[in-house]
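Chain and residue survey
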Amino acid sequence: MSKLKHFFKSFTLRDLLTGLRITGKHLWRRKVTIQFPEEQTPQSPRFRGLHALRRYPNGEERCIGCKLCEAVCPAAAITIDAGPRQSDGTRRTTRYEIDMFKCIYCGFCEESCPVDSIVETRVMDYHFEKRGDHILTKAQLLAIGDKYEEQIAEDRRQDAKYR
Amino acid sequence: MTVESVVFYLFATLTLVGAIGVITMRNAVQAVLCLVLTFFSAAVLWMLLEAEFLAVTLVLVYVGAVMVLFLFVVMMLDVDYASLKAGYTKYLPLGIITALALFGGIYWVIRSEVFGVEQMPEPAKHGADYSNVTELGRLLYTDYFFAFEVAGVILLVAIVAAISLTFRGRRDRRGQSVPMQHQASKEERLRVVSMESGPRQDGQEKTEKKKRIRRKKGGGS
Amino acid sequence: MLDMIIDFFVIGAKIGLILLPLILAVAYTTYAERKIIGYMQMRLGPNRVGPKGWLQPIADVIKLLMKEVVVPSGSNKALFLLAPILFIAPSFAAWAVIPFDVELALANSDVGLLYILAMTSIAVYGVIIAGWASNSKYALLGSLRSASQIISYEIAMGFALVGVLMASGSMNLGEIVKAQDGGLLHWFWIPLLPLLVIYWVSGVAETNRAPFDLPEGESEIVAGFHVEYAGISFALFFLAEYANMILISVLTTLFFFGGWLNPFQGIPFVEEVTGWIPGIAWLLLKAGFFLFLMIWLRATFPRYRYDQIMRLGWKVFIPVTVVWLMILTFMIKAGVGPWFTGRGVL
């Protein structure tokens, strides 16, 4: 009997009409699109975007070439060559490159760094124009760090009590 | 020269080109498409003869249905053209003789003295309100009623025969049973259990109820 | 000779008068679709090109025209390039017999309805050839799906149209509309309601639209039969699909919703107030509703599984139409009003 009832009920297309009603209602709902360049979503201080290498306030680069970030990187995006610097003999990197195509923005490098050198900034809208541009060199990373140092330092300060 | 004659010569040429294409194309799929072209342009010629119904039916049945299945068969076939061409020269003389004999026979039957323009009276011109469809329907359902119905029954028998020939009986498939899926209902699959909320497992008391997140209505972002 | 040239010019101008607005309508149907589906998903849809995104379709057209047509290696070049033309020609040709108003049709043919069926059935060649000539597995699978789907649903569609034929007693589209004269309740959608639903759903299936878009099935066979097409050749497929959508909407209006007829006919006051509105406006308004419904369906339903599509076509639609044809026969024989009064003789 219930089968028969179900059979005739199926001809009323009730299920389909219910579905149509839902989408029909949503047609009039408030739209949640964010008009990106003009509007932006709020970002967390822990946002993981473009990488940067930081310096101490006196201008000395923080990185000591420990290669922890290279070791921990799950995507093997970081390549480091290290050795003593000619002027004072301290251990520094001679090469520090991040392949941005490999990077998965997991933030492990940032966590592993003992001197807070490699960090991820809040920059998330960037692009490359030529082949090869996706490999960021040490100089480029330091430049990014210099440019956003204020923001980076502020984010680290806010997050300090949770670390 | 009227528009009709331009259309006639255009589609008569297309019919011939298509027909020649059917027997000269090396690729079987292209040959079938040429056949489609032939049917289609023949249908246009019929339409010029005021046989609208027949013309459209030709397109609908032959072009739209029969040739599609034909095309499928040809597309899926893996024809070995080399072996097809193997006996070509051997049978060529016999082929030419057959072709000539057939052509002669056909010519003898429908040569211009028999089927020429002089022998055939010009078909009566009909007014704008003449409906080919009505006339055909009237004929089919009066004079030729019996033949029409018998043809229908024969086609039905053919359909039943084709199905019974290809139906191989029940196989124990593991496919889904669509009727079962359709009859599944919320009642027999989902059970809503109301649980009494006791004290929390870790001993802490609940401090506050979770606020229901409600979307604020209206206003931009 | 001069007569002939003038004749050709007049016919060409008439064709242009139908096709140019049609192509424009297609362009803005794509815009409407993106906008409406966007709204139903609580997005905004295209809104960057021009005010509110009004120029988006124009930008799309320019982009498609300027792209390179890539002919895949190992494909049959002639057929590959012919396929989009074979697909679009019938969908344009079908418009020849559409009556837009009482005497406003390019061809007032007595076999108009059959002609439409013939044209829609020819379109399947474009799909099959596109799939076969592309020399690609996905394209071939897509074209096989499309062809079997179109053939299956054409039967249900044909049966639904038999009901329309019986109800109106003519295959002339203009006569079919005239048979529905007399206001909203005189239209065929009431006595032919199941046939209307079946015709509509079959129409959606025939145009390969969601939820019947298995031939394209981007999640399983990439883009189906037109996976290898780019630029203008892809644009032709796209154009034909949307022209078919509009065609099916207009046809549904003609067959079941009184075409150009005023819905307020017979209501004393409203009829006079709305009397000035031309028939073509009513036709386009009604067709626009069905076009919206088609987009609405796409925004709502998930894609059918293949065996479900075949089951729906063969095991549900065809039996239901046959049953309803019997009921319709009795209704006509009994002269059920207001649709069949005076036709009880049969």
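Residues numbered from 1 in each chain as written. Chains lettered and ligands numbered in written order. Predicted model: local features only at pLDDT ≥ 70, side-chain atom pairs only at ≥ 80, totals over all residues. Heavy atoms only, no water.

Section: the overall build of chain A
For chain A, the count of helices and strands is five helices and five strands. Of the regular secondary structure in chain A, the N- to C-terminal order runs α-α-β-α-β-β-α-β-β-α. For chain A, whose C-alpha radius of gyration is 26 Å, the value lies well above the compact-globule estimate of 15 Å for 163 residues. By principal-axis analysis of the C-alpha atoms, chain A measures approximately 90 × 40 × 30 Å. The proportion of buried residues among the 163 residues of chain A is 34%. Summarising the internal contacts of chain A: among those between residues at least 6 apart in sequence, 72% fall at separations of at least 24. Summing over all exposed atoms, chain A offers an accessible surface of approximately 10,800 Å²; the carbon and sulfur share of this is 56%. Averaging the coordinates of the 29 positive side-chain charges in chain A and doing the same for the 23 negative ones gives two points 12 Å apart. (Helix = DSSP H or I, 4+ residues; strand = E, 2+ residues; numbered from the N terminus. Rg over C-alpha atoms; globule rule 2.2 N^0.38 Å. Buried < 20%, exposed > 50% of the residue type's maximum accessible area, 1.4 Å probe, protein only. Contact = heavy atoms within 4.5 Å. Areas by Shrake-Rupley, 256 points an atom, 1.4 Å probe, with all protein chains shown as cover. Lys, Arg positive; Asp, Glu negative; His and termini not counted. Charge placed at Lys NZ, Arg CZ, Asp CG, Glu CD.)

Quick notes on the interface of chain C and chain A
Across the contact, 16 residues belong to chain C and 18 residues belong to chain A. Both sides of the chain C and chain A interface together cover about 1,500 Å² of buried area, and 71% of this is carbon and sulfur. The interface formed by chain C and chain A contains one salt bridge. A salt bridge links A:Glu38 to C:Arg48, with the nearest nitrogen and oxygen atoms 3.1 Å apart. Counting across the interface, chain C meets chain A through nine residue pairs in polar contact (both at pLDDT 80 or more). Looking at the side of chain C that touches chain A, the element that brings in the most residues is helix 11 (residues 279-300) of chain C, giving five residues. The residue makeup of the side of chain C that touches chain A, split by class, is 12 nonpolar, two polar and two charged. (Buried area = accessible area lost by both parts, 1.4 Å probe. Salt bridge = Lys/Arg side-chain N within 4 Å of Asp/Glu carboxyl O. Polar contact = N/O pair within 3.5 Å; in protein donor to acceptor, adjacent residues only side chain to side chain. Nonpolar A, V, L, I, M, F, W, Y, C, P; charged D, E, K, R; others polar.)

A closer look at a nonpolar patch on the surface
All names here are of chain B. Residues Leu102, Ile106, Trp108, Val109, Ile110, Val114, Phe115 and Met120 make up a contiguous nonpolar surface patch of about 830 Å² in total accessible area. Only helix 5 (88-110) and helix 6 (112-115) provide two or more residues apiece to the nonpolar patch. The topology assignment puts valine 109 in helix 5. (Patch = residues over 30% accessible without salt bridge, like charges linked within 9 Å, V, L, I, M, F, W, Y side chains within 5 Å.)

Regarding the packing of helix 3 (residues 52-76) of chain B against helix 4 (residues 112-133) of chain C
Between helix 3 of chain B and helix 4 of chain C, whose axes approach to 9 Å, the crossing angle comes to 20 degrees. Of the possible angle classes, the one that applies to helix 3 of chain B and helix 4 of chain C is roughly parallel. Every pair of crossing elements has a handedness; the one defined by helix 3 of chain B and helix 4 of chain C is left-handed. Here the residues of the contact of helix 3 of chain B with helix 4 of chain C sort into 20 nonpolar, three polar and no charged. (Axes fitted to C-alpha atoms, helices over the stretch in contact; angles between N-to-C directions. Parallel < 35°, antiparallel > 145°, perpendicular 65-115°, else oblique. Left-handed = near helix turned anticlockwise from the far one by under 90°.)

Considering the side chain of A:Lys138
Residues and elements named next belong to chain A. Here lysine 138 lies in helix 5 (residues 138-159). Given the relative accessible area of 15%, lysine 138 is considered buried. Aside from chain neighbours lying at most four places away, what touches lysine 138 is Leu53, Glu61, Thr93 and Tyr96.

A word on helix 1 (residues 2-40) of chain C
Helical periodicity: at 3.6 residues per turn, an α-helix aligns residues three or four positions apart in one direction. Over its 39 residues, helix 1 of chain C runs 56 Å from end to end, which matches the ideal 57 Å to within 8%, given 1.5 Å per residue. Positive backbone phi, at 60 degrees, marks C:Met42, one or two positions downstream of helix 1 of chain C. (Expected span 1.5 Å × (residues − 1).)

Overview of the sheet that holds strand 5 (residues 135-136) of chain A
Overall, antiparallel pairing links the three strands, which are arranged 2-3-5 (chain A) in an open sheet. Each of the sheet's edge strands pairs with one partner strand only, and the pair in question is strand 2 (78-84) and strand 5 of chain A. (Pairing = 2+ DSSP bridges.)

Observations regarding the interface of chain C and chain B
For interface size, the figure often reported is the accessible area lost on association. At the interface, 30 residues of chain C touch 34 residues of chain B. Linking chain C to chain B there are zero salt bridges. Counting the contacts that link chain C with chain B gives two residue pairs in polar contact (both at pLDDT 80 or more). Counting only elements with at least two residues in the side of chain C that touches chain B, the list comes to helix 1, helix 4, helix 5 (137-168) and helix 12 (306-334) of chain C.

Topic: the nonpolar core
Core analysis: the largest hydrophobic core is formed by 126 residues, its most contacted members being C:Ile98, C:Tyr125, C:Leu173 and C:Phe255. No other element matches the 16 residues that helix 4 of chain C contributes to this core. Setting aside residues up to four positions removed in sequence, C:Phe255 forms contacts with C:Leu113, C:Leu161, C:Val164, C:Leu173, C:Ile176, C:Gln180, C:Phe188 and C:Tyr199. Core analysis: the next-biggest nonpolar cluster, separate from the first, contains 24 residues, A:Leu50, A:Cys69, A:Ile118 and A:Ile144 among them. (Core = buried A, V, L, I, M, F, W, Y, C linked by side-chain atoms within 4.5 Å.)

Description of the domain arrangement of chain B
Once the domains are mapped, chain B shows domain 1 (1-81), domain 2 (88-122) and domain 3 (129-167). Just the C-alpha atoms count here: the centres of domain 2 of chain B and domain 3 of chain B sit 33 Å apart. (Domains from an automatic or database assignment.)

Observations regarding the pairing of strand 2 of chain A
Residue and element names in this part refer to chain A. Sheet analysis places strand 2 next to strand 3 (residues 91-99), joined by seven bridges and oriented antiparallel. Its bridge partner being in strand 3, proline 84 is matched across the sheet by arginine 91. The turn joining strand 2 and strand 3, which pair antiparallel and follow one another in sequence, is formed by six residues; a positive phi near 75 degrees is taken by glycine 89.

Focus on the confidence of the model for chain B
All names here are of chain B. Per-residue confidence for chain B gives a mean pLDDT of 79; residues scoring 70 or more make up 83%. Mean pLDDT across the elements of chain B ranges from a minimum in helix 4 (residues 81-84), with 68, to a maximum in helix 8 (residues 145-166), with 91. Here residues 208-221 is a poorly scored stretch, pLDDT under 50, and it has seven contacts once near neighbours within four places are set aside; other chains count. Both confidence scores are given for the complex: pTM 0.80, ipTM 0.78. (pLDDT = per-residue confidence, 0-100.)

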